[in-house]
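Secondary and tertiary structure notes
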Amino acid sequence: MLSDKLPKIWYGGDYNPEQWDKPVMDEDMRMFQLAGIDVATINVFSWALSQPDEDTYHFEWLDEIINKLYDNNTYVCLATSTGAHPAWMAKKYPDVLRVDFEGRKRKFGGRHNSCPSSPTYRKYSTLIADKLAERYKDHPAVLIWHVSNEYGGYCYCDNCAEGFRQWLQARYGSLEQVNRVWNTRFWGHTFYEWDEIVPPNALSEEWAGDRTNFQGISLDYRRFQSDSLLECYRLEYDALKKHTPHLPVTTNLMGTYKELDYFQWAKYMDVVSWDNYPSLDTPYSYTAMVHDLMRGLKDGQPFMLMEQTPSQQNWQPYNSLKRPGVMKLWSYQAVARGADTVMFFQLRRSVGACEKYHGAVIEHVGHEHTRVFRECAELGGELQRLGDSLLDARVHSRVAIVYDWENRWAVELSSGPTVGLKYVDEVHKYYDALYKMNIQTDMIGVDADLSKYDIVIAPVLYMIKPGYVKRIEEFVNAGGTFITTFFSGIVNESDIVTLGGYPGELRNVLGIWAEEIDALFPDQTNQIVMNESWGALEGSYTCGTLCDLIHAEGAEVKAVYGSDFYKGMPVLTVNSFGQGQAWYVASSPDAAFMQSFLGTVCKEKQITAPIAPVPGVEISQREKDGSRYLFVMNHNSCEAQIELGEILAVDQISSRELSGIIEMKAKEVLVLAY
Amino acid sequence: MLSDKLPKIWYGGDYNPEQWDKPVMDEDMRMFQLAGIDVATINVFSWALSQPDEDTYHFEWLDEIINKLYDNNTYVCLATSTGAHPAWMAKKYPDVLRVDFEGRKRKFGGRHNSCPSSPTYRKYSTLIADKLAERYKDHPAVLIWHVSNEYGGYCYCDNCAEGFRQWLQARYGSLEQVNRVWNTRFWGHTFYEWDEIVPPNALSEEWAGDRTNFQGISLDYRRFQSDSLLECYRLEYDALKKHTPHLPVTTNLMGTYKELDYFQWAKYMDVVSWDNYPSLDTPYSYTAMVHDLMRGLKDGQPFMLMEQTPSQQNWQPYNSLKRPGVMKLWSYQAVARGADTVMFFQLRRSVGACEKYHGAVIEHVGHEHTRVFRECAELGGELQRLGDSLLDARVHSRVAIVYDWENRWAVELSSGPTVGLKYVDEVHKYYDALYKMNIQTDMIGVDADLSKYDIVIAPVLYMIKPGYVKRIEEFVNAGGTFITTFFSGIVNESDIVTLGGYPGELRNVLGIWAEEIDALFPDQTNQIVMNESWGALEGSYTCGTLCDLIHAEGAEVKAVYGSDFYKGMPVLTVNSFGQGQAWYVASSPDAAFMQSFLGTVCKEKQITAPIAPVPGVEISQREKDGSRYLFVMNHNSCEAQIELGEILAVDQISSRELSGIIEMKAKEVLVLAY
Amino acid sequence: MLSDKLPKIWYGGDYNPEQWDKPVMDEDMRMFQLAGIDVATINVFSWALSQPDEDTYHFEWLDEIINKLYDNNTYVCLATSTGAHPAWMAKKYPDVLRVDFEGRKRKFGGRHNSCPSSPTYRKYSTLIADKLAERYKDHPAVLIWHVSNEYGGYCYCDNCAEGFRQWLQARYGSLEQVNRVWNTRFWGHTFYEWDEIVPPNALSEEWAGDRTNFQGISLDYRRFQSDSLLECYRLEYDALKKHTPHLPVTTNLMGTYKELDYFQWAKYMDVVSWDNYPSLDTPYSYTAMVHDLMRGLKDGQPFMLMEQTPSQQNWQPYNSLKRPGVMKLWSYQAVARGADTVMFFQLRRSVGACEKYHGAVIEHVGHEHTRVFRECAELGGELQRLGDSLLDARVHSRVAIVYDWENRWAVELSSGPTVGLKYVDEVHKYYDALYKMNIQTDMIGVDADLSKYDIVIAPVLYMIKPGYVKRIEEFVNAGGTFITTFFSGIVNESDIVTLGGYPGELRNVLGIWAEEIDALFPDQTNQIVMNESWGALEGSYTCGTLCDLIHAEGAEVKAVYGSDFYKGMPVLTVNSFGQGQAWYVASSPDAAFMQSFLGTVCKEKQITAPIAPVPGVEISQREKDGSRYLFVMNHNSCEAQIELGEILAVDQISSRELSGIIEMKAKEVLVLAY
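Residues numbered from 1 in each chain as written. Chains lettered and ligands numbered in written order. Predicted model: local features only at pLDDT ≥ 70, side-chain atom pairs only at ≥ 80, totals over all residues. Heavy atoms only, no water.

Under an unreviewed UniProt entry, chain A has the name Beta-galactosidase and belongs to Paenibacillus hexagrammi. UniProt, in the comment section headed Sequence similarities (unreviewed entry), describes chain A in these words: "Belongs to the glycosyl hydrolase 42 family." Taken directly from UniProt, the Catalytic activity (unreviewed entry) text for chain A runs: "Hydrolysis of terminal non-reducing beta-D-galactose residues in beta-D-galactosides." (UniProt positions renumbered as here; feature names shortened; annotations may be inferred.)

Structure (C-alpha cells):
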C-alpha cells in the first residue's frame with residue numbers, strides 16, 4: 001500500500017532539476033514546502049545525462065537532488081529515465097530507432113521513440129534500472145519506482161517482424177493454425193514459411209491508421225506490440241524488484257489510450273498510475289469514467305493520479321486555463337474515484353522545447369504570488385489536513401460496465417458496417433446515464449468476477465473471448481441483469497465470425513436473432529417506440545448509427561423500430577434466463593432513452609443514489625473501516641443546492657457538520673463522512 | 001455469345017469454396033438450387049493455395065469443386081487466380097511488389113498488388129493461366145474465363161521506369177520527339193538520355209494524386225500503366241485461348257474507374273463484364289449511365305453484370321442495406337441496359353478478413369430463411385422463367401454521349417483554370433437530363449461511328465485526338481447535331497495547346513472563338529439569359545464552374561451571360577454547318593437548362609420517349625428479332641402511375657397483358673414485350 | 001539605380017523564346033512594340049538547354065535572342081537559369097536532389113529542386129553564372145541579373161545534416177553551447193558528438209509541417225536552410241559581380257514567403273524584386289502591406305515588381321480572370337508603394353506543361369486583338385508617358401510596423417498556447433487599420449532605425465533579439481509611441497523563455513506583468529471594455545485568440561476584460577516612459593477597436609491622412625525632388641468620390657488639373673503631382 005511510507009494523499013509531481021541550476025533548486029525547495037508538496041517524480045528524462053556513453057554512468061547529480069529533496073521533506077517517485085533513449089545510442093545502435101507506420105526508419109528525436117524489440121534498448125534500459133535500484137535501494141526518500149514514461153506507439157521494423165513471428169509461434173503453435181485463425185485463404189494469403197509474414201502497416205495491409213485488409217493480422221499485431229512494450233516494462237520491473245522487493249513499481253498509463261491493453265499491463269504493476277488531461281470541453285462524466293476504468297484495472301485497488309496540469313496544457317489546439325477552483329475540483333474528482341495521490345506535470349515550467357507552455361506549480365515568473373500557486377498551496381494544505389483517512393478506501397458499485405481493449409481494436413478495425421461506430425463513445429453513453437443519476441459504477445475487464453454485481457452492461461461486445469458467454473450466462477442465471485447492444489457477439493477472439501446467426505454465442509441468453517445490420521448515414525435516425533410504458537420508458541426515442549434487424553426468439557419485445565422497412569421489428573428486448581434477465585438494445589439510443597432505461601433497470605434492482613441527482617453535481621463514494629466518504633462536486637460555474645436527506649455528515653475539508661439542504665458554491669467540493 | 005452454353009440470363013456469382021469445409025459446401029449446393037443459381041465464379045483468389053511454391057501446383061481441390069458444382073447443375077466462371085500473388089512469391093521475388101505513389105516499396109499484403117512490369121508476375125501469371133486452361137479445357141462446367149480480378153493501381157518501380165522508357169521509344173521513336181511532345185523546354189526539363197526519365201510520382205512531378213508539373217509526362221504514364229496491366233491481361237488471354245479458343249475470356253471492370261482506359265481494354269475482351277456497387281445515395285441515372293458505358297465499350301454488345309451485392313457493401317463509410325426489392329430492381333436495371341448476366345459478390349459470406357460484412361446470398365446464419373435469400377431466390381425464379389428471350393437483345397439509341405478516359409486524365413491533371421471541374425460529373429449532367437426525359441442514350445468512345453446517331457454530345461471535349469474533328473465535321477455536315485461545351489478543343493493528344501484560339505480545331509464547326517476562360521469560386525454563379533424563347537428554353541438559368549468568354553464567328557447566339565463584366569457575351573450558340581448544327585454551351589448549366597435544352601434539341605430531331613416520363617421511374621428498351629422489350633422500373637419508395645399510350649404489351653415477369661394506365665408498386669419492374 | 005540604363009518604369013516580363021520557333025519570335029517582337037514593352041526576362045529555365053552535359057555549353061541561341069530583342073528595342077533582365085537543374089545532372093550527381101520533409105530522396109522533376117548543400121549544384125550553378133557574366137558583360141541589352149528563380153523549399157539530406165552541424169559550430173562555438181540554447185536536457189536530448197544531431201523533419205522532431213518537439217532545433221534549421229540557399233545565391237552573385245560590377249543583381253522574392261528570412265537576403269541584393277500573385281479574394285490592404293514590406297527590406301529603396309499576371313493564375317484552386325482595369329490598377333498599386341518596374345509572368349503563354357493556363361500578354365490565340373493585350377498596351381503607353389518622373393521617388397512614413405521572419409517561425413512553431421495564432425494575420429490587422437485611414441506605413445525589420453518614426457507597432461513580438469529592447473526603450477524615452485501585444489517579449493532568439501514574468505524584457509517599458517495566457521476556442525470571445533472614453537475609443541469591443549491576464553505595474557489601464565474569470569483585469573494599458581508612451585494590447589481585437597485605437601494614437605501624434613479616407617479607395621504617396629506624387633486608386637467596382645481639400649494637383653496619367661471633389665471611375669487610378 002502507498003500509505004505505508006507516507007500516510008497521506010501524496011502531493012507533488014514531475015520535477016526536472018537537471019534543467020536548473022542550484023539557486024533555482026533551492027528556491028524550489030522553499031516553494032514546495034509552501035505548497036505542501038511532499039513527492040517529486042524525478043529522473044524521467046535523464047538517461048542521456050546519466051549515461052553519456054555505452055560504458056559510463058554518472059548518478060552523482062541524482063544523489064544530490066534526492067538528498068536535497070529528502071532534506072527538505074520531499075519524497076521521491078523515482079523514474080528509470082528510459083522514456084527516451086540517448087542520441088549517442090541512436091547513432092551507434094540504430095536498432096533502437098523505430099520504423100513507423102509508413103515504413104520509414106526514424107532518426108533520433110522526440111520521445112516514446114524506442115523500438116520495443118530492440119536488443120540494445122532492452123539491454124540498456126534493464127541495465128540502468130538495475131543500476132538505479134542498486135544505488136538507491138536503501139534511500140529513505142524513495143517511495144516508488146516509475147518505469148519509463150507513458151509507454152506507447154508501435155514499431156514495424158525487421159526486429160519487430162521477427163518478434164511478431166515468434167510471438168505468433170508461441171501463441172498458435174503452427175503456421176497452419178495461424179493461417180486458420182487469420183482466414184488466410186481469403187485474398188490468397190496462405191503463408192508457407194514464417195518469414196513470409198510481415199507487420200501490417202501502410203506498406204502491407206493497413207492504411208489511414210485503423211483501416212486494414214486483414215483484421216486478424218492487425219489485431220494480433222496490436223496484441224504483439226502491446227505485449228512487447230509490456231516485456232520492456234517487465235524487464236525493468238524485474239531488475240528493480242531484484243534489489244527493492246519492498247518498493248512498489250508502476251508506470252504512468254493514459255486512460256483509454258488505444259494502443260496498449262492496460263488490463264494486461266495492470267497484472268504486472270504494483271499500483272496503477274495514470275495521467276489525466278481533459279480539455280475544457282471534455283464531459284465531466286468522461287473523466288469520471290476513465291478514473292473508474294483505471295481503478296478497475298486492478299479490481300478496485302486505489303490508483304495514483306500521476307499527472308495532471310495545474311493550469312493549462314500545451315499540446316491541445318486551444319489550451320484553455322483551468323478556471324479558478326477547477327484544478328482542485330478535478331483533483332478531488334480523482335480522489336473520489338479511487339486516487340490516493342494528486343500529482344502534477346509539472347512542478348516547474350521548463351524554459352525551452354515543446355512543453356514550456358505546459359502549466360506548472362511554479363510558473364516562469366518563478367515566485368509564489370500567482371493564482372496557480374495559491375490554488376496549489378490551498379489544496380496542499382487541505383490534503384495535509386485530510387491525513388490518511390481516505391487512503392486505501394474502496395468504492396462499492398452494484399453496476400459494472402465492461403470495457404475491453406481487444407474488443408475496441410476489433411470494432412474499430414472492422415471494414416463495415418459503418419465507420420461511425422466509436423467504441424469508447426458507446427461505452428460512455430451508458431456510463432454517462434448512470435453518472436447523471438448518481439449511480440456508482442465500476443468499469444471492468446472481461447476477466448472480472450461478475451458475481452458481485454447486480455447489473456452488468458457490455459456495450460458493443462463485438463468480440464467474445466473463450467468462456468465469457470458461459471460466465472455471463474451463470475451471472476444471469478443467478479439473478480443478474482445483463483445488458484448488451486447491437487453489434488455484439490459477432491466474432492471470436494481472432495475476429496472470426498461465429499456462424500449460425502448473430503449475436504452468436506449470446507443468442508441463447510438474449511433469446512433473439514439479428515438477421516441483418518443496417519448502417520445509417522450520420523444524418524439518418526430511426527425511432528425506439530415502446531410497445532407500452534415500462535417504468536420511466538414511454539413513447540418514443542431516437543436511435544442511429546447501426547440498427548440490428550432482430551427477431552425475438554423467446555425474448556420479450558419492449559420496443560420496436562418506428563420507421564424504415566424494418567418498422568415494427570424489435571429494437572429493445574429482454575429475455576428471462578434463470579433467475580435473471582438479459583437485455584438487448586439493437587441500436588444506439590439517445591440520452592433520454594438511456595436515462596429512462598437504465599433508471600428503470602436500476603430501480604427494479606433497488607439500486608439507488610445516495611443523494612438525489614443535481615445537474616452538474618457529481619458524486620462518488622469511497623468506504624473504509626465502516627466509514628463512508630461521499631464526495632460531492634459542483635462542476636457548475638454557479639451555486640447548486642443539494643439535498644442530503646437522512647445523511648448527517650461531517651465535511652472532511654471544512655470540518656463543518658452538514659445535513660438537510662446544502663448550498664454549494666461554484667466548483668465547491670464536499671467530502672462527507674457519514 | 002454467352003447464350004451458347006447456358007441459354008438464359010446467367011445467375012450466380014463469386015464463390016470461395018476454398019474457405020469452407022465439405023459439409024458447408026454440400027449445404028451450399030442445396031441452397032444454390034433453391035435460389036435458382038446456375039453459375040459460380042470460382043478460383044478468384046486461390047493462387048497461393050494452388051501453387052504453394054515455385055514448382056508445385058495443386059489443382060485437385062479445384063477439380064473437386066468444379067465437379068461438385070457441375071454435378072449440382074451449376075456452371076463455372078473460372079478465374080485464373082492472379083488477382084493477388086502468393087506471399088512466398090513476394091518474399092522470393094520482390095520484383096512482384098509495387099513501388100507506390102509515395103515512392104515506397106511495398107511488402108506483401110492486400111490485393112491488386114502486383115507490379116505490371118514484374119518479370120516474375122508476368123511469367124507465373126501466364127503459366128498458371130496456361131495450366132488451368134490445359135487442365136479444364138474440356139470440362140463441360142466451364143463457361144467462361146475470368147482473368148485476374150478488378151485490375152487497377154499503378155506502380156512506380158525501376159522495372160516500370162525502364163518499361164516506361166521502352167513504351168515511349170515505341171510510341172515516339174526518338175527522345176527528340178519525346179522532348180517535343182512534352183514541351184520539356186519548359187522548366188528546363190530537356191532529356192538527353194532515355195534513363196534520365198523517371199516515373200512521375202510524389203518524388204518527381206506529381207503530388208496529391210492528380211496534381212502534376214508536367215501534364216504530358218503524367219498523361220503518358222497513365223497510358224503506359226494502363227497498357228502494362230493490359231499486357232498482363234493479354235498474356236493470360238493468349239495462354240487461355242491457346243487451349244480453349246471456344247471459351248470467351250473476360251476480366252471484371254469497374255465502371256468509370258479512372259486509372260485504366262477501358263476502351264483500349266475492351267478490344268481484347270471477348271465480352272465486357274463489370275462490378276456494380278452503387279451507394280444508397282448514388283443517383284439511379286448515374287448507375288444507368290455506367291451500364292450504358294460498359295455496353296458502349298464493345299459497341300453495344302451485351303455485357304456481364306459480374307458483381308453486385310445482394311444486400312450491403314463493407315467498404316463504404318456507411319453500408320446501408322439494400323431495401324426490399326432494390327436488389328431485384330437494380331438487377332433488372334442492368335439487364336435493361338444490356339446485361340445478359342446477374343451475378344453477385346458473393347454467394348457465401350466469408351468468416352474472416354475485410355469482406356466478411358459484405359452481403360452475400362448465403363449469410364453468416366447459413367440458412368435460407370432470410371430476407372436476402374428469399375429475394376435472391378425470387379429473382380432466380382424469374383430469370384429462369386425469362387429463359388433466353390432477352391439474350392443478346394440490343395439497345396438502339398439515336399443520341400450518343402462521348403466519354404474518353406484520356407480526355408478525363410488530361411482534364412483532371414490540368415493545372416488551372418479550376419479544380420472544380422470533374423469530367424464525369426459534367427458528362428453525367430447531360431446524361432441525367434436525357435435519362436429523366438426517357439431518351440435512350442449510348443455512351444461511346446472517340447473511335448465510335450457517329451453516323452448512326454442523330455445527336456452526339458461531347459461534354460468538355462478538352463483533348464482532341466487526331467482526325468476526330470474531321471469526323472465530327474462529317475457528322476454535322478451530313479445533318480447531325482453536335483453539342484459540346486466550355487473547355488473543349490483546347491489540346492491535342494499530348495496535352496499541347498492548339499494555337500490560334502480556343503476551341504482550337506473545333507472553331508470551324510462551332511463558328512465561335514473563346515477569348516478567355518473565367519473560373520468561378522464554388523459559391524459564385526452567372527446566368528444563361530435567352531435572347532428569345534427557343535422551344536422549351538425561355539428566361540434565364542444558372543451556370544457556373546467555368547465561363548468561356550466567347551465571340552460568335554458565324555454561330556447564332558441563343559443566350560448570353562447575365563452578369564459580371566462579360567454580361568451580354570454569348571453563352572449558348574448554334575452554328576449551321578452543312579446539313580447539321582453544332583452547339584456550344586460555354587458554361588456548366590443547371591439541371592433546368594439541361595432538360596429544356598436537350599428536350600428541345602431532341603424534339604427538333606423527332607426523338608421521342610416510348611412512354612411519358614414519370615419522376616423516379618426509369619425506362620430502357622432492348623430489341624431482338626423484331627421484338628421490343630421495354631423495361632419500366634419504379635425506383636420510388638411509393639407507387640407510381642405510368643401511361644402506356646398506344647402500347648399493348650405483355651409483362652415478361654408476371655405474364656400479364658398491360659395497356660393504358662398502369663399502377664406500379666414501389667420498386668416494381670415491368671418488362672413489357674410489344 | 002535602375003534608372004541609369006533605362007530611365008522610365010521598366011515594362012515587360014518573363015519570356016521563354018527557347019520554347020518557340022523563329023516566326024513566333026518575330027511576331028513577338030512586333031507585339032512587344034505594340035504593347036510598349038521594353039524589358040524581357042529571359043533564360044530563367046534554360047540550364048538544361050545551355051548545358052547539355054557536364055562539359056558542354058551552348059549559348060548561341062541566347063546570343064541570338066538577346067540580339068534580336070536588342071535590335072527591337074527591348075532590354076534584357078538576364079536570368080542565370082539555375083532555378084532548375086538539368087535531368088542529366090540529377091542522374092549523374094544525385095547529391096543535387098533533395099531529401100524532403102518526409103525523409104524521401106527525391107528524383108528529377110519540378111523546379112526549386114536543388115539541394116542547397118549540394119557540392120555539384122554549387123559548383124555548376126556558380127560556373128554557369130560565371131560563363132554568362134563573362135559572355136554578356138559588355139552587351140548593351142543587359143540591364144540586370146536575375147539569379148535563379150523564386151528560391152524556396154528545404155532539404156534534409158546528409159549533406160544538409162553535415163552542413164547544419166558546421167553552421168551550428170560556427171554560430172555557437174561548442175556542443176555545450178548548443179545543448180544549452182536548445183535546452184536539450186528536456187526529454188533527454190543531450191548531444192555528446194556533433195554527428196548525433198540530425199535535421200528536424202518527419203523522421204525526427206517535426207510533424208505536419210510546423211509542429212516540432214524542439215523549437216530551438218527547428219528554428220536553427222530554418223535559419224540554416226535560409227542561409228544555405230542564400231549562400232547559393234551569393235556564390236552566383238560573386239561570380240556575376242566579378243565580370244560585371246556595373247550591373248545590379250537581384251533574385252525574385254515572394255512577399256511573405258515563410259521559409260526564407262528576406263531581411264537577411266536583402267543585404268546581398270542590389271535591388272529587391274518580387275512576384276505578386278494576389279487572388280480574387282486577397283484584401284487590397286494585404287497586397288499593399290506586402291509591397292511595403294518589400295520596400296522595407298532595403299530600407300525604403302525602390303523595388304522591382306518582377307512578376308504579376310496580366311489576367312489569371314494557373315495554380316490557385318479557382319483562377320479568376322482579373323476584371324477589366326484591375327491589372328492596371330494593381331500595377332499602379334505596386335508603383336505607388338515603391339516599385340520602379342511593372343513586369344509580368346509571362347509575355348507569351350507556353351503550349352504545354354503546368355503553366356500553360358497562366359495568363360500572358362500574348363495569349364494562345366497569338367494576336368493582339370484580345371482584351372488582355374489591349375489593357376497591357378494601354379498601360380505600356382501610360383508608362384512611356386510617365387517617363388522617369390517617378391523613378392527612385394521615396395515613401396515617407398511616420399508609422400512603422402515591425403515584421404520579423406524569425407519571430408514568425410518561433411510563433412508558429414510554438415507548442416501552445418494556441419494553434420489559432422497566425423503571425424501575418426495579426427500584423428495585417430494593424431496594417432489594415434492604418435491603411436483604411438490613409439495613414440502611410442513602413443514595414444520594417446528589427447534592424448531598422450526606429451528614430452525616424454513617431455509610432456512603432458510590433459504585433460506579437462514574441463521573440464526578443466539581443467539589444468532590441470534597449471532600442472525600443474530609447475525610442476520611447478525620446479518621445480516615441482510603441483505599441484505591442486499579447487504573446488510578446490516571451491523568448492530570446494533561441495526560443496528560450498525569459499524568466500521573471502512575461503513580457504520579459506519588455507516589462508520595464510510597458511509597466512505590466514502578464515501572469516497567465518488563456519487560449520480561446522475559435523467560437524469564444526471576450527470583450528475590451530473601456531474604463532472611460534479615450535479619443536475615438538468608447539464602450540466595448542470584441543477580442544479573442546489569446547487573452548493575457550495582466551497586472552498593471554505602473555501602466556495606466558485604459559480598458560479591462562468584459563467577461564470570464566478575469567473580467568475587470570486590464571486588456572489595454574499605456575505606460576509613460578521618458579518622453580514617450582508604450583501600449584500593450586493584451587488580446588487580439590476586432591477591426592472596430594483597431595481603427596478607433598490607432599486613429600486616436602495617430603491623432604495624438606498629429607499624423608494625418610493627405611486626403612480623407614473613402615471605402616475601397618487606396619492612397620499612397622511617393623516623393624522626389626520636392627514633388628509629391630499621390631496615388632489614388634479606386635478598387636471599387638463602382639464610382640467613388642474623393643475630396644482633395646486644399647490640394648491642387650495634376651494627374652500624371654491624364655494630365656488633367658484636379659482640385660476639390662473628384663469623381664473616380666471604377667478601377668480608376670490618379671497619380672496626383674502637387
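1. Here's the deal with helix H14 (residues 423-436) of chain C
Residues and elements named next belong to chain C. Taking 1.5 Å per residue, 14 residues should reach 20 Å; H14 reaches 20 Å between its end C-alpha atoms and fits that length. Taken across its 14 residues, H14 has 11 buried, putting it largely inside the fold. Every buried residue of H14 is accounted for by Tyr423, Val424, Glu426, Val427, His428, Tyr430, Tyr431, Asp432, Ala433, Leu434 and Tyr435. (Helix = DSSP H or I, 4+ residues; strand = E, 2+ residues; numbered from the N terminus. Expected span 1.5 Å × (residues − 1). Buried < 20%, exposed > 50% of the residue type's maximum accessible area, 1.4 Å probe, protein only.)

2. Quick word on the relation of the copies chain A and chain B
Superposing chain A onto chain B requires a rotation of 120° together with a translation of 0.0 Å along the rotation axis, leaving an RMSD of 0.0 Å. Between the two chains, the operation in question is that of a three-fold axis. Minimal C-alpha separation from the rotation axis in chain A is found for arginine 104 of chain A, amounting to 5.2 Å. (Least-squares fit on C-alpha atoms with pLDDT ≥ 70 in both.)

3. Description of the interface of chain C and chain B
Interface size is commonly expressed as the accessible surface area that is lost when the partners come together. Opposite the 51 residues of chain C that make contact, chain B presents 56 residues. Summing both sides of the interface, chain C and chain B together bury roughly 4,700 Å²; the carbon and sulfur share of this comes to 57%. At the junction of chain C with chain B, the criterion picks out 7 salt bridges. Between aspartate 495 of chain B and lysine 356 of chain C there is a salt bridge, with the nearest N and O atoms lying 2.5 Å from each other. Linking chain C with chain B are 30 residue pairs in polar contact (both at pLDDT 80 or more), by the criterion used here. At the level of secondary structure, the elements contributing two or more residues to the side of chain C that touches chain B comprise helix H2 (47-50), helix H4 (87-92) and helix H12 (371-386) of chain C. Among the elements that take part in the side of chain C that touches chain B, H4 of chain C stands out by supplying 3 residues, more than any other. Per-class residue counts for the side of chain C that touches chain B are 22 nonpolar, 15 polar and 14 charged. (Contact = heavy atoms within 4.5 Å. Buried area = accessible area lost by both parts, 1.4 Å probe. Salt bridge = Lys/Arg side-chain N within 4 Å of Asp/Glu carboxyl O. Polar contact = N/O pair within 3.5 Å; in protein donor to acceptor, adjacent residues only side chain to side chain. Nonpolar A, V, L, I, M, F, W, Y, C, P; charged D, E, K, R; others polar.)

4. Some points on the sheet that holds strand E2 (residues 39-42) of chain C
Whether parallel or antiparallel, the strands of a sheet pair through hydrogen bonds between backbone atoms. Residue and element names in this part refer to chain C. Here we have 9 strands laid out as an open sheet, ordered E7-E4-E3-E2-E1-E11-E10-E9-E8, and parallel in their pairing. Since the sheet does not close on itself, it has two edges, and those belong to strand E7 (249-250) and strand E8 (252-253), each with one partner. One ladder, built from 3 bridges, connects strand E9 (residues 273-275) with strand E10 (residues 303-307); its direction is parallel. Counterpart to serine 273 in the pairing with E10 is methionine 304. Contacts between helix H10 (residues 284-297) and the sheet are confined to E8, E9 and E10, with E10 contributing the most and set at about 125° to the helix. Packed onto the sheet, helix H11 (residues 326-336) meets E10 and strand E11 (339-344) and runs at close to 145° relative to E11. (Pairing = 2+ DSSP bridges. Axes fitted to C-alpha atoms, helices over the stretch in contact; angles between N-to-C directions.)

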